[in-house]
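The primary structure of each chain is shown beneath.
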Amino acid sequence: MQYYIYIMANKKNGTLYVGLTNDLIRRVYEHKNDLIEGFTKKYRIHILVYYEVYRDIKNAIIREKRLKKWNRNWKIQLIEKNNPEWEDLYDKLI
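Residues numbered from 1 in each chain as written. Predicted model: local features only at pLDDT ≥ 70, side-chain atom pairs only at ≥ 80, totals over all residues. Heavy atoms only, no water.

> What is the right way to look at the overall build of the protein chain in this model?
A tally of helices and strands in the protein chain yields 5 helices and 3 strands. Helices and strands in the protein chain line up, N terminus first, as β-β-α-α-β-α-α-α. The C-alpha atoms of the protein chain give 12 Å as radius of gyration, which agrees with the globular expectation for 94 residues (12 Å, within 12%). For the protein chain, the spread of C-alpha atoms along the three principal axes comes to 30 × 30 × 25 Å. Of the contacts formed within the protein chain by residues at least 6 apart in sequence, a portion of 62% connects residues at least 24 apart. As displayed, the protein chain offers around 5,900 Å² of accessible surface, 49% of which is attributable to carbon and sulfur atoms. (Helix = DSSP H or I, 4+ residues; strand = E, 2+ residues; numbered from the N terminus. Rg over C-alpha atoms; globule rule 2.2 N^0.38 Å. Contact = heavy atoms within 4.5 Å. Areas by Shrake-Rupley, 256 points an atom, 1.4 Å probe, with all protein chains shown as cover.)

Quick look at the structure:
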């Protein structure tokens, strides 16, 4: 099984959300279509801008917790290092 740490945004340099899932395509689809009540629906966070793949759930959970504690600027730097144009990576997954 694979696990994914992901970051979504509502626009470039906009509101960010860090999450963990074992089915990235399904989970991002849920965010994009506002199927989940809460933060991502409220702030219309629909763009997958970054993700990492893990085989060990424990390591994935540790990484997610660390990323959630990062300050905003560090998260933006991580995104821009790997996805400088803030492209929606979901389109490349499907």
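The discussion continues.
> Whenever I open this one, the packing of aromatic side chains confuses me. Can you help?
Note on aromatic pairs: each is described by the distance of the centres and the angle between the planes. According to the stated counting rule, one finds 5 aromatic pairs in the structure shown. Judged by centre distance (4.9 Å) and plane angle (45°), the rings of Phe39 and Tyr43 are tilted. Taking relative accessible area as the criterion, Phe39 reaches 38% and is therefore assigned partly exposed. Accessibility expressed as a relative area gives 35% for Tyr43, which makes it partly exposed. Taken together, a centroid distance of 6.1 Å and an interplanar angle of 90° make the contact between Trp70 and Trp74 edge-to-face. Exposure remark for Trp70: the relative accessible area of 25% places this residue in the partly exposed category. Residue Trp74 is classed as partly exposed on the basis of its relative accessible area, which comes to 45%. Through successive ring pairs, a cluster of aromatic residues spans Tyr6, Tyr17, Phe39 and Tyr43. (Phe/Tyr/Trp six-rings, centres within 6.5 Å; stacked < 30°, edge-to-face > 60°. Buried < 20%, exposed > 50% of the residue type's maximum accessible area, 1.4 Å probe, protein only.)

> Honestly, unusual backbone geometry in this entry has me stumped. Any pointers?
Positive phi values are uncommon outside glycine, yet Arg44 reaches one of about 55°. In the Ramachandran plot, Trp86 falls in the positive-phi region, its phi being about 55° despite a non-glycine side chain. If you trace the backbone, Trp86 turns up in the loop between helix H4 (72-82) and helix H5 (90-93). Judged by relative accessible area, Trp86 falls into the buried class, the value being 6%.

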